[in-house]
Every structure is written in structure tokens, then in C-alpha cells.
Amino acid sequence: MKKYLTVLAGNPRGGEHTWKSLYKYVIDHLDSDLAICTGDIWVSENSLFEKADYKWIFEEPENWFSYYEKNFNKNWYDFFSLGKETGLYNSGNIHFAIKDIILKNYIDILESYEFIIYSRFDQFYTDYHIDIKDNPTNNIWIPSGENYHGIGDRHAVVPANKIRSFLNICEYVDSPHSIKNPPEYLNCETAYERFLNHAKLIEDVKRYDRKQFTSSMITDKTNWRVGIYSLYFYKNLMIKYPDEFIDSVANSIKTIGISYYLREKILVLNYLYLTIRRKVGKFKKLNL
């Protein structure tokens, strides 16, 4: 049994610089196989499609709610309607449906590995991914931060014996439990935390220092957040969440030390620029 399978699900965003960081800091580092799961409209000639061991291509629906209409019949619409202003309605429904597609079609492949790294295409890695060989297999490892009142839902390392339950979020969405006593702010992260609690997976969740951030090319299509901070010296590449970027590079520097400045000069320069910019902004506010 091979140890790791990395699954990238969704729209192939982030571009080649982002994916090169994936190859260096995840795939090659962990000797992981790679699976990509995306709609047929996103198939293109790029390094991901060349390197992937598995290509799980589905017919992209014009309206993702049609997927729920065909496969579920209870209260999924009421659930997503609670998050019309938070990204759950526009973005969460897609991510959840893709998990269901993988669960229903490829679970046997997933369970043939020890661990599944379930992630997105747009994760730019700043340092080597954790290798959980020394940790018990009942833990689900999620990067720290980006919780937004729940738990960050962009990346997780899941043992094979829990991947079936982990992917089964649409059954939860379609059940009465998903809309029972909803929080005031129901977004992807709070919905994810509620699902993990319902599936009794929350007790297995462990957090580790974040060393990745969400990137986007200027030309990338997005259903929710648009990147507004340039990642300088990477052509047309943007940072979606500056806090996420700053935390990732700061954690990498803390782990590696001064040698990190030499290994990732461009990332460090962007990090220094953003941190100085923030300090100047705070100083100006205090003096207004």
C-alpha cells in the first residue's frame, strides 16, 4: 500500500508557479501520487494534467444545484439559502458536490492509500508539507488559521479509514441536522465544523502550522473571493488572503531559520513588503 494520494478538487486555479510549489513541497517530498478532479470545461494542456496519476473528469453542470436536484431530495436548498451572503451558496455548494462525486466514483482508489491529502488547485506552498508518519492514523490534520468562526476547509490530511465519512458532507447537507439551530453566520467554514461534529470527526482533528496560502492568477474565474494583492515577481499571480500568506511565510521562517531567506527570496521579499506596509498603515491610523 502506498502512503499518500494528493487529491486536487475544483477549478484548476493558481497557475504554474503555484503548482511547481505543490510538486516541490508536497508531491516529490512525500512521494505522493496525484489525482485531479475537475469539470470537463477546465481540461487543458498544463503540467497538472501531464503529472497526474489519476484524472477524474466530470461533466460540468451549468448550474451546480442541478446536481443536488438529481441526487438528493430533502432540505439541501434550505441549507445553502442560509449562506447566500457568505460564499456558502455560491462556492460551498460546488466544493461539497465534488466531494460527493469523488465519494461515489473513486472511493476504492482512495482507500487503497494510507492517507489522502484533500486540497485545492490554488494552494501555494511555502515549505515542505508535514509527513505524519509518526502520528496515529486516527487524526485528521488541518492547517492552522483561516477559520472564519468555524474550521478552515481548504486542505486536510485524512487517514483512509476516515475518508469515506470525511467526503460524505452532502448527506449531511440534505439532512434536517444541517439547518437545525444554525449559527448567525453560516459560511463554508462554520458548515464544515458543524459537519465534522455531526460525523463525529471533530475529535480527530489536529492542527499544524500553516505553510501554504491561496493564490490566483489574474485570469482565474472565481465564484467568491478575488485576489487583490499582487505577489510581486510572479507574473499575474495574486494573493487572495494576506493574513494567510503572512502566517505561512512567518511559520516557514520560524521552522527553517535564516536559510529560508536564501531558499525562497521572492516569497520573503513579498512577506517583508506586506508586513512593513501593514505597520505603516497602523501608524498612520494612530496618528490621524
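Now for a look at the structure at hand. Only a predicted model underlies this, so the values are computations on that prediction, with no experimental measurement involved.

1. Focus: the nonpolar core
Line of reasoning, step 1. In this structure, Phe80, Phe96, Ile102 and Leu110 are the most contacted members of the largest nonpolar core, which totals 51 residues.
Line of reasoning, step 2. At 12 residues, the largest contribution of residues to this core is made by helix α5 (residues 88-110).
Line of reasoning, step 3. Look past the residues within four positions of Leu110 in its chain and what remains in contact with it is Leu5, Val7, Trp56, Ile102, Ile116, Ala160, Ile163 and Leu167.
Line of reasoning, step 4. Counting residues in each nonpolar core, the second largest holds 22 residues, with Tyr25, Leu48, Ala52 and Trp141 among its members.

2. Digging into the environment of Ser32
Line of reasoning, step 1. Examined against the element boundaries, Ser32 turns out to sit in the loop between α1 (15-30) and β2 (33-39).
Line of reasoning, step 2. The spacing of Ser32 and Thr6 is 26 residues in sequence and 6.4 Å in space, taken between C-alpha atoms.
Line of reasoning, step 3. In this view, Ser32 contacts Tyr4, Leu5, Thr6 and Ile27; residues no more than four positions away in its chain are not counted.

3. A short note on the packing of aromatic side chains
A ring pair, where both rings are aromatic, is described by two values, the distance of the centres and the angle of the planes.
Line of reasoning, step 1. Across all of its chains, the model carries 28 aromatic pairs by this definition.
Line of reasoning, step 2. Measuring from centroid to centroid gives 4.9 Å for Phe124 and Phe213, while their planes differ by 20 degrees, and the two rings are stacked. Taken together, the positions of Phe124 in strand β5 (residues 123-125) and Phe213 in strand β9 (residues 212-217) put the pair 89 residues apart, joining distant regions of the chain. A single burial state applies to Phe124 and to Phe213, both of which are buried.
Line of reasoning, step 3. Here the aromatic rings of Tyr172 and Phe195 are separated by 5.8 Å at their centres, their planes lie at 55 degrees, and the arrangement is tilted. Of this pair, Tyr172 sits in helix α7 (residues 169-173) while Phe195 sits in helix α8 (residues 188-198), and the two are 23 residues apart along the sequence.
Line of reasoning, step 4. According to the relative accessible area criterion, Tyr172 is buried, its value standing at 5%.
Line of reasoning, step 5. The ring centre of Tyr89 lies 5.3 Å from the NZ or CZ of Lys84, which sits over that ring.
Line of reasoning, step 6. The ring centre of Tyr241 lies 4.1 Å from the NZ or CZ of Arg154, which sits over that ring.

4. With respect to the packing of α5 against α8
Line of reasoning, step 1. At a minimum axis distance of 10 Å, the contact between α5 and α8 shows a crossing angle of 40 degrees. Looking at the two axes, α5 sits oblique to α8. Contact residues: α5 offers Leu88, Gly92, Phe96 and Lys99, while α8 offers Cys188, Ala191 and Tyr192.
Line of reasoning, step 2. Of the residues in the contact of α5 with α8, the class split is 5 nonpolar, 1 polar and 1 charged.

Cut-offs applied
Residues numbered from 1 in each chain as written. Predicted model: local features only at pLDDT ≥ 70, side-chain atom pairs only at ≥ 80, totals over all residues. Heavy atoms only, no water. Core = buried A, V, L, I, M, F, W, Y, C linked by side-chain atoms within 4.5 Å. Buried < 20%, exposed > 50% of the residue type's maximum accessible area, 1.4 Å probe, protein only. Helix = DSSP H or I, 4+ residues; strand = E, 2+ residues; numbered from the N terminus. Contact = heavy atoms within 4.5 Å. Phe/Tyr/Trp six-rings, centres within 6.5 Å; stacked < 30°, edge-to-face > 60°. Lys NZ or Arg CZ within 6 Å of the ring centre and 35° of its normal. Axes fitted to C-alpha atoms, helices over the stretch in contact; angles between N-to-C directions. Parallel < 35°, antiparallel > 145°, perpendicular 65-115°, else oblique. Nonpolar A, V, L, I, M, F, W, Y, C, P; charged D, E, K, R; others polar.

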